[in-house]
Every structure is written in C-alpha cells, then in structure tokens.
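A closer look at the structure
For reference, the chains in residue letters:
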Amino acid sequence: MIRLIRRRLAVALPVLLATSFGMFLLGAASPIDPALQYAGGAVSTASEENLAQIRANWGVDDPLPIQYLRWLTNLIGGDLGWSTSRHQPVGDVIAARAGWTLLLIGLTLLVVLLTSLLLGTIAAYRRGGLLDRGLRAAAYAVESMPVFWLALAAIAVLALALGWFPAGGLTDITATTTTLSDVAHHLALPVTVLAISQAPWFLLFVRDAVAESLLEDHVLAARARGLRGRTVLFGHALRTALLPFLTLIGTHLPELVGGSVLVETVFSLPGLGAVSVQAALGSDFPLLAAITLITTAVVLAANLLTDIAYTAADPRVRVDG
Amino acid sequence: MNALLRVEDLSVRFRLRDAVVQAVTDLNLSVRRGELLAVVGESGCGKSVLAHALLGLLPANATTTGHAFLDDIDLVHCGEKKLAREVRGRRIGLVPQSPATALTPVRTGRTLLAETLREHGRDAALATAIAADAGLDDTDLDRYPFQLSGGMAQRLVTALALASDPPLLIADEPTTGLDRPLVDHTLDVLRRRCDNGDAVLLITHDLAAAERVADTVAVMYASRIVEHRPAASVFKTAAHPYTAALLDALPDRAFQAIPGHPPMLTALPAGCAYAPRCPRADQQCATPPTGPVACHHPLVTS
Amino acid sequence: MDKRDVTPAAVIGLAVAACLLVPVIWPLDQSAVALDNISQAPSLTDPGGTDDLGRDVLHRSLYGLRVSLLVGVVAALVATVLGGLIGGVAGLLGGWTDRILMRVIDTIAALPHLLLGIFIVAMLRPSLGAVVLSVALTHWLSTARIVRGELLSLRTRPFIDAAITGGASRARILTRHLLPHVLPKIALATTLMVPHAVWHETALSFLGLGLPPHLASLGNMINDGQRSLLTGAWWASIVPGLVIVTVTLAIAALAARWRDRLDPRVRAELEL
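Residues numbered from 1 in each chain as written. Chains lettered and ligands numbered in written order. Predicted model: local features only at pLDDT ≥ 70, side-chain atom pairs only at ≥ 80, totals over all residues. Heavy atoms only, no water.

Take the overall build of chain C next. Within chain C, the secondary structure is distributed over 10 helices and 0 strands. Sequence separation of 24 or more characterises 71% of the internal contacts of chain C that already satisfy a separation of 6 or more. Accessible surface for chain C amounts to roughly 13000 Å². Of this, 67% is attributable to carbon and sulfur atoms. (Helix = DSSP H or I, 4+ residues; strand = E, 2+ residues; numbered from the N terminus. Contact = heavy atoms within 4.5 Å. Areas by Shrake-Rupley, 256 points an atom, 1.4 Å probe, with all protein chains shown as cover.)

Spelled out as structure tokens, the structure:
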C-alpha cells in the first residue's frame, strides 16, 4: 500500500511540476502586460512611472527562471498570488468558492454512481429488452449533447416554461440567509443536468461489464445452486464487475470537473468554474494557474484514493500485497 | 419403474457463425431414486452439455429439443422461471466442471457456502460440517478462490452442490485435480447419497471411478449414447466396440489407445459415428444404429 | 454497406455538402443584423427562426458547423500526429522509455482538460489557432495509447519475427509491416476524436473563450442564445445545439460500427 502511494507520488509530483512550468511559460509568452491589467480602469490616468513601479514590485522584468522559482516557492509557501480579475488574493477567491464546486461535483458523482449501478445492472440482466435498448439509445444520444446545451434546454423547459426550478444562482434573490432547503432547490437542476450528461459513460460501462460477467462460469454456477436472481445479480455478477469500475471513477473525474465548469457558468453558481472563466476572460494568470494546478492535484489525489480502495476491495491484490 | 429423471429424445444444437454443432443427439436415459448413473466418454463428446441442458443453463445460441422429465416437470419446456425457483439447487444440484472458474473470485468459500445454505432455508452454521463431508478443512473455507489449489477448489464446489441437499445431483468431473484417496472419498460421498435414496448422475471420463461406484453406465460417443447398461455387465462384457476399446485403453487392461480421432461435432456422419475407427464396421454401418447398444455388430447380444 | 450505416452516412454527407456549398450558394454577411426582424419563431420561410439581432439562426448554424468541423478535424489531426509520435516512440523503444512515457500519459490524463484548454486560450488570447492548439494538446493521449499498444502487440507476432530473421531493415519493417496494421486503428481513433474536438471547441466558444463573438460559431450562437432564452426565444440556442448533436452523433455512430468491424471481439460461445 505504501509502495503504491510512493510510486504514484514519484510520477505525480514531477508531472505537477512540469505542468506548472508549462503554464508559467505560456503565461510568460502571453502578450498581456500584467501591470497594465493591475492598473485596470486607472490605466489611462496611471503614469509610466507608476506602471514601472508596479513592474518592479512584481519583478516582472526579472529573468524568467527567477520569476518561475519565485512563483513556485510562493505557491508552496501558500501564497497563491494576487488575482488581477477579482482584485483580491487568489487564496481568498478559492477558499470562498471551492466548497460549492466540491458540493456540486460530490452530489453529482453520488447520483451518477447510484443510478448507473442500478440501471446498468438491471439493463444487463434484461439485455436486449426494452429497458436495455431504451437506456442505451438514450445514453448514446446524451453522450453527443454538450452539457451547456443540455443545461440551457433544462432551463428553458423546467425553469422558464414550467417554473419548477429556479433558473440559476444558489439562493433566492430576496433571501438574506443561506438555508439548506433553498440551496437544495437551487442545486437540484444543476446536479441533475451534470449527472445526466456524465451518466451515459458510467451506465454503459456498468451495463457491459455486468452483461459480460453474467456469462461467466461463476455466475452460471451461482445460478445452478438455485440462488435468487437478486443474489446472483448483485452478489456475484455485479460484485466482480465492480472492481475495475472503482479505478475508472478516478480516471473519469477530469471530465466531471470540465462539466462542472460549464454547468456552473450556465446556472451562475458561485463556484470555481465560473470564476475561472472570468479569470480567463481577464487573462488572470495567477488565479487561473492556481485553480488548474489545485484541481489537478485534487484529481490526482482522488485517483490515488480509488486505487487504494481497489487494493482494499480486491482480495487478489490485497493479500498478495 | 420408479424413474426420477427420464430423458427422451433429447437433442442440443449450437448455432455458430458458420457451423452448427450437434452436441447431443436423440439421447434417452433414465435415473431411478437411489441409482448412480455414470455417463462416460472422451472429453468433447457432449457430456457437459447434457448437464447444462438439464438445468437450462445453455447459452442463447443453443436449441434444445425433446423432453427431460423430472417427476412431472419437463425441464426442456417448463421455462426459466420454474427452473430458477423450483429446479436448480432445490431438485437438481450441480457440481460444475472446472472449479477454478466456477467460484466467485472475490468471495471466500465460507461466505459462498453460508449464502447457499441460507437461501435454501438451512442453517448457515452447517457450513463446517458440509465442507468436512466434501473433504475440505474448516480453515480452508476462509481462503479466497485464487488461494485454493485445484483439489481444494474441487472439494469446495462439491460442498456447495451438497449444501442444498438435492434429490438429484449432477456431478460433472467431480474428481479432477484430486489425488487417489480424495477421489475415493468423493466417490464414497456420492455413493452414500444413493444408498440413502437420492440419485446421482456422474459425468466422468474416468472409467475406474465409474466402475467403483456406478449402478448403471451410459457410454457417450460423438453426441450419442452408444451403450446404456448395468455397470457390472458393461465392465465385464462390453457390448459396443467403442466401450470395449475404451476399456482396453485402461492402464490395468491392455493399455492400448484407440486409433484415430473422434469426429467433429460440426460434421457428424449420417451413419454410425464410430464406424471409421471400428474394426467391425461394414456397409451396414452407413445407416444409424439404434437400441440400448447402438451397434449393428455388438460384441455380445443380450 | 450495412443498412444501419445509411442514416449516419447520409447525415455526414449532408453536413459536409452544406459546409462546402453554403458559402457559394447562400453567402452570409457575418456582421449583418436586421433589427426589424428580431426573435422570430421558426416558420416555413425561416425554419431556424431569428435571434435577438434578427439574424437567421439556421443560416448561421450552417456557417457555425463549417467552423466547428474545421476546428474539430484539424485539431484531431494535430492530436493524432502528436499522439502517434509519442506512442510510436514508446512502442518501438519499449523498456524504460515506454514505462516512463506511459506513466506520464496516465498522469496527464488526470489533468482536467477543459480547464487546461481555458488556460491555454486565455494566455494566448482567444483565436482559432489557440482553440486548435488547446484541443490538440488535451486529446492526443488516447492515440498515443493505441499506437503504443498496437506496436507492442505486433512486436510479438510471428510475421514480424519472420521479417526480422528474413533480414528486413528497420525502416522496411516499419513501413511495410507495422504501419499497415496500425494505420486503420489510428484513422479510427482520429475519427472518434472529431466529435470530442467539436464539443471542446463549442464549449470554449460558449464560454466566450473561442472564436471572436461576431463570428457565427455553434458555441458562440448557443452563448448568444442565452439572452433570447429569457424572452422565450428558445430556438436561438436550441437549433445550433441540435446541429451539433445530429452531426456528432452521426460521426460517433459510424465510427462505433467501424470499430466493431475492425475488432470483432470473438467470444468462444461454446464449451463442450
């Protein structure tokens, strides 16, 4: 187990480092002058001396390797820099918003896993049946729909035409406090849309894995013992098909993060996704770089976690060490 | 005659992409309560397909025709629901072939055994006793299938089949991977079930095992039963030339292999399938032989 | 040709034909607006309706499809070359190079590629080239894996051994024996990548990070359509979306059936 963690870190850290370097180079090559950006609206009135002062303060004119090292040591030290698009420390921006993004992604993952496991298993059991064919057709169709378009369609129908859900935001405009039921009401549509857009991949995987597992010898043997259909399906077919699924959850997280950026933007949720789009529109290097690096680190950590869970769940790996 | 299982004109065909496999052809046999019937033959002659056909566990590309009556239920036509609720495990148990793949890889023997006992309304604590009956130590029950040797896995699948205590047990090569004392132990367990009034259909290519415990023997060759007679007379005076040749191949007899190869099940001849390898064959063998000894020129006539 | 291939093939044919012919027979003035004709619902004369600037939605969608398909195909090709080179190096050299490259690819796969795309576009300023680059840089991994896997499995096949013992040169083995086996799989992977690239491009445009806003691109149009949505003019967003769904679904369906034919997983259905 410890060996696994160490092996993963040995690759993950250099890649994070390389990513940060690549991003820094890209930022340095960018035609945007951070000093002018910092001055913002005051740029027309700011004198050349003021701008030079800002540049000197930030060390913009230092050699690139020195700038990179300074940025990196600051990052590691916890100083994520100053967001030029939001005019506040990057750390504050992220701290205020990361929770909502995590909530959106976490809830979505939960919904996706539960529904895809249940529906995928039933579809595999009755493969070729109406449910199986319907689900597969729907899955392929949904897979080709951009999530932001799906979100807009959901808003058009469920929020604007029927008025069942609010069209965006996290709380009611008139609300002064954040209540659980209000947030739940506002999150229902974004979570559903994100879940629907992510579910096909999981659903099809579970369906195929269980369908294949149902033809295996050990499932045949379980049926021959006269076990109930439910026991054979969940206790034998799904249980063996589930293990590879566990590690695949981790590999699919980047997709989920991308989807959450789009869904947050459409539903105007105060998460990291929407703010990174703002940052991009404002060429806010420190904020964008920090969000990308932190998200990558979180995804890598989640990958490691699913691998550890896999090791713990599969006796063949667990016992052999 | 008080037959528990009566198979009549059973045929099983598999449709493949470019061929049809005739795995079982016009098969007739019966098993009484208390009888141990051994179905013997070389591997690939259709023995295991027979076992799966009786339990309705054949893949979707298989077509089964004929009848197989278990008391009053026709196993071929009664439908999946009835098979699942009343037959499998409850009235017919199966010791599957290739125990290594027949065990759910992520569960220990004890959880599998306890689960089977519970689902059949028996006490899960019986697991230890049933494992011991099959010759398996209690401590081995806590191992995962990949930790079991071939012999231990074999004993575990036997224990799983015994757990529901079915009146008819189909044992498909239940002695694979066991050494001699354990082979004898397993065969004795099967024999004891018959002595207590249950029935066993033993599928094996091990003639010595059949000779040790069987009441009756059905010899299968190229999807058909060629000789179906009491065990004692089969082993004393084989009637079908194929049976005689099989017996001659045993190490403690002539130890002489049968020349040639059995035919492909995708291309069975119209007449006697054994004729190309048979020293007694003549023109008459171009027509299919019938009867309990399916031969135009049997070695003994009853 | 299979009966089930006809519909997707027809859709793709129509889309390509529209991309090529529309500029000739029905040219579009990208900056034209018609404020006396805004937010008209779809009708027989105007099947896509008009948006809040009075622009013909269907007409602009066809132009948008042109841009999206162009970006999708070019980005897929760039990603294929990149993935093919890296996968080829891993598969041909094997050993430590292979192990390190595969580990790196696994880890890069953990980068949220939309965020990475946003970053790249933001730093290079939104433009066609930046979008292509961001899509290509985030989509080469699967091709690299396929090429590497194919090469590794081919190295153990007898006909390669035979060629080596026959004294064939490295270059000859590569061009005569390896490429013909790997190319169909690469072509398939590239085709499968096109829908992904289109989605990626439209997502960036939708966020306002793709093509300049006045240009008709499918993502831009869906983004513009958000304003109309609130006034009930759903078609301004829905129609360009339907164009994306139809075309990418057709490509994906055709590619999936192509894959089934290329790699029919023959299962041993029979055990006696």
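Picking up after the structure, the text goes on.
Looking only at helices and strands, chain A features 13 helices and 2 strands. When contacts within chain A are restricted to residue pairs at least 6 apart in sequence, long-range pairs at least 24 apart make up 72% of them. Accessible surface, chain A as shown: approximately 14800 Å² in total, 66% of it carbon and sulfur.

For the rest of this paragraph, the subject is the interface of chain C and chain A. Counting from both sides, the interface comprises 41 residues of chain C and, opposite them, 51 residues of chain A. For the pairing of chain C and chain A, the buried interface totals around 3900 Å² over both sides, and the portion due to carbon and sulfur atoms is 79%. Summed over the three residues of chain C that lose the most area to chain A, namely Leu-115, Phe-119 and Met-123 of chain C, the buried surface amounts to 18% of that side. In this structure, the connection of chain C to chain A is made through 0 salt bridges. Taken together, chain C and chain A are joined by 5 residue pairs in polar contact (both at pLDDT 80 or more). Residue assignment for the side of chain C that touches chain A shows that the elements contributing at least two residues are α3 (95-108), α4 (113-124), α8 (170-206), α9 (218-230) and α10 (235-262) of chain C. Here the side of chain C that touches chain A takes 10 residues from α4 of chain C, the largest share from any one element. (Buried area = accessible area lost by both parts, 1.4 Å probe. Salt bridge = Lys/Arg side-chain N within 4 Å of Asp/Glu carboxyl O. Polar contact = N/O pair within 3.5 Å; in protein donor to acceptor, adjacent residues only side chain to side chain.)

Size of an interface: often given as the accessible area lost when the parts come together. Residues and elements named next belong to chain A. Each assigned domain of chain A is listed here: domain 1 (2-89) and domain 2 (97-313). Looking at the side of domain 1 facing domain 2, the largest losses of area belong to Leu-16, Met-23 and Arg-86, adding up to 29% of the total buried there. At the surface where domain 1 touches domain 2, the tally comes to 0 salt bridges. Here domain 1 and domain 2 share 1 residue pair in polar contact (both at pLDDT 80 or more) between them. (Domains from an automatic or database assignment.)

On to the packing of aromatic side chains. Going through the model one piece at a time under the given rule, you end up with 16 aromatic pairs over all chains. For the pair Phe-21 of chain A and Tyr-68 of chain A, a centre-to-centre distance of 4.9 Å together with 75° between the ring planes defines the contact as edge-to-face. In this pair, Phe-21 of chain A sits in helix α1 (residues 2-29) while Tyr-68 of chain A sits in helix α4 (residues 64-76), placing the two residues 47 residues apart along the sequence. A ring pair is formed by Tyr-221 of chain B and Tyr-274 of chain B, whose centres lie 5.2 Å apart and whose planes are at 85°; its orientation type is edge-to-face. Taken together, the residues span a long stretch of sequence, with Tyr-221 of chain B in strand β9 (residues 216-221) and Tyr-274 of chain B in the segment after α10 (241-248) at a distance of 53 residues. (Phe/Tyr/Trp six-rings, centres within 6.5 Å; stacked < 30°, edge-to-face > 60°.)

The next point concerns the packing of helix α2 (residues 57-93) of chain C against α8 of chain C. Residue and element names in this part refer to chain C. Where α2 contacts α8, the axes come no closer than 7 Å and their chain directions differ by 140°. The angle between α2 and α8 falls in the class oblique. Helix-helix and strand crossings are classified by hand; for α2 and α8 the assignment is right-handed. Residue-level inspection shows Ser-68, Leu-69, Val-71, Gly-72, Val-73, Ala-75, Ala-76, Leu-77, Ala-79, Thr-80 and Leu-92 of α2 in contact with α8, the latter providing Leu-174, Leu-178, Ile-186, Thr-190, Met-193, Val-194, Ala-197, Val-198, Glu-201 and Thr-202. Split into classes, the residues belonging to the contact of α2 with α8 amount to 15 nonpolar, 5 polar and 1 charged. (Axes fitted to C-alpha atoms, helices over the stretch in contact; angles between N-to-C directions. Parallel < 35°, antiparallel > 145°, perpendicular 65-115°, else oblique. Left-handed = near helix turned anticlockwise from the far one by under 90°. Nonpolar A, V, L, I, M, F, W, Y, C, P; charged D, E, K, R; others polar.)

With that out of the way, let us pick up the nonpolar core. Core analysis: the biggest nonpolar cluster contains 120 residues, and Val-210 and Phe-267 of chain A together with Ile-118 of chain C have the highest contact counts within it. Considering every element that reaches this core, the biggest residue donor is helix α10 (residues 229-266) of chain A, with 14 residues. Built from parts of two domains, this core gets at least three residues from each of domain 1 (2-89) and domain 2 (97-313) of chain A. When residues no more than four places from it in sequence are discounted, the contact partners of Val-210 of chain A are Thr-121, Ala-124, Leu-233, Ala-237, Leu-238 and Ala-241 of chain A. Leu-117, Ile-130, Phe-235 and Cys-272 of chain B belong to the second-largest nonpolar core, a separate cluster that totals 64 residues. (Core = buried A, V, L, I, M, F, W, Y, C linked by side-chain atoms within 4.5 Å. Buried < 20%, exposed > 50% of the residue type's maximum accessible area, 1.4 Å probe, protein only.)

Here we come to the sheet that holds strand β1 (residues 3-15) of chain B. Residue and element names in this part refer to chain B. Spatially, β2-β1-β4-β5 is the arrangement adopted by the 4 strands of the open sheet, whose pairing is antiparallel. For this open sheet the edge positions go to β2 (20-32) and β5 (73-74), each flanked by a neighbour on one side alone. Of the strand pairs in this sheet, β1 and strand β4 (residues 62-70) are connected by 8 bridges, and their pairing is antiparallel. From the neighbouring strand, Leu-5 faces β4, where its bridge partner is Leu-70. Packing against the sheet, helix α1 (residues 47-55) makes contact with β1, β2 and β4, and its axis sits at approximately 110° to β1. (Pairing = 2+ DSSP bridges.)

All names here are of chain C. Nonpolar side chains collect at one region of the surface, where Val-16, Leu-20, Leu-21, Val-24, Ile-25 and Trp-26 lie side by side and expose about 630 Å² of accessible area between them. Tracing the backbone through its elements, the reader meets Val-16 in helix α1 (residues 3-25). Looking at Val-16, the relative accessible area reads 40%, which means it is partly exposed. (Patch = residues over 30% accessible without salt bridge, like charges linked within 9 Å, V, L, I, M, F, W, Y side chains within 5 Å.)

The next subject is the sheet that holds strand β6 (residues 92-95) of chain B. Sheets are built from strands paired through backbone hydrogen bonds, the pairs being either parallel or antiparallel. Residue and element names in this part refer to chain B. Read from one edge of the open sheet, 6 strands run β6-β7-β8-β3-β9-β10, paired in mixed fashion. Two strands in the sheet have a free side with no partner beyond their single neighbour: β6 and β10 (224-230). Here the average twist between neighbouring strands, direction ignored, is 15°. Here strand β3 (residues 36-40) runs beside strand β8 (residues 199-204); their pairing, made up of 5 bridges, is parallel. When the sheet's bridge partners are listed, Ala-38 is paired in β8 with Leu-202. Taken strand by strand, helix α7 (residues 180-195) contacts β3, β7 (168-172) and β8, and its axis lies near 150° from that of β8. In the packing of α10 onto the sheet, contacts are made with β9 and β10, and the angle to β9 comes to roughly 100°.

The subject of this paragraph is the environment of Ala-171 of chain B. All names here are of chain B. Assignment of secondary structure puts Ala-171 in strand β7. For Ala-171, a relative accessible area of 0% puts it in the buried group. The spatial distance from the C-alpha of Ala-171 to the C-alpha of Ala-84 is 19 Å, given a sequence separation of 87 residues. What Ala-171 contacts, discounting residues up to four positions off in sequence, is Val-95, Leu-190, Leu-201, Leu-202 and Ile-203.

With that out of the way, let us pick up the state of the cysteines. All names here are of chain B. Following the criterion strictly, the structure yields 0 disulfides over all chains and no others. The thiol sulfur of Cys-278 is not disulfide-bonded, and the nearest other cysteine sulfur, from Cys-295, lies at 5.9 Å. Assessed through its relative accessible area of 15%, Cys-278 is described here as buried. (Disulfide = S-S within 2.5 Å.)

The next thing to look at is the side chain of Thr-158 of chain B. Residues and elements named next belong to chain B. Its location among the elements puts Thr-158 in helix α6 (residues 150-162). Relative accessible area serves as the criterion here: at 4%, Thr-158 is assigned to the buried category. Once residues within four sequence positions are removed from consideration, Thr-158 is found in contact with Val-95, Ala-134 and Pro-174.

What follows concerns the pairing of β3 of chain B. Residue and element names in this part refer to chain B. In terms of burial, β3 is a largely internal element, 5 of the 5 residues being buried. Covered by surrounding structure in β3 are Leu-36, Ala-38 and Val-40 together with Leu-37 and Val-39, the residues of both alternating faces. Summarising the sheet, β3 and β9 pair through 4 bridges and their orientation is parallel. Residue Ala-38 lies in a different strand from β9, and its bridge partner there is Val-217.

All names here are of chain C. Of the residues in chain C, 89% have a pLDDT of 70 or more, and the chain-wide mean is 79. Across chain C, element-level confidence peaks in α2 with a mean pLDDT of 88 and bottoms out in helix α7 (residues 158-165) with 72. Every residue in residues 265-272 scores below 50 in pLDDT, and together they form 16 contacts with partners more than four places removed in sequence or on other chains. At the level of chain-chain contacts, confidence expressed as ipTM amounts to 0.89, with global pTM at 0.80. (pLDDT = per-residue confidence, 0-100.)

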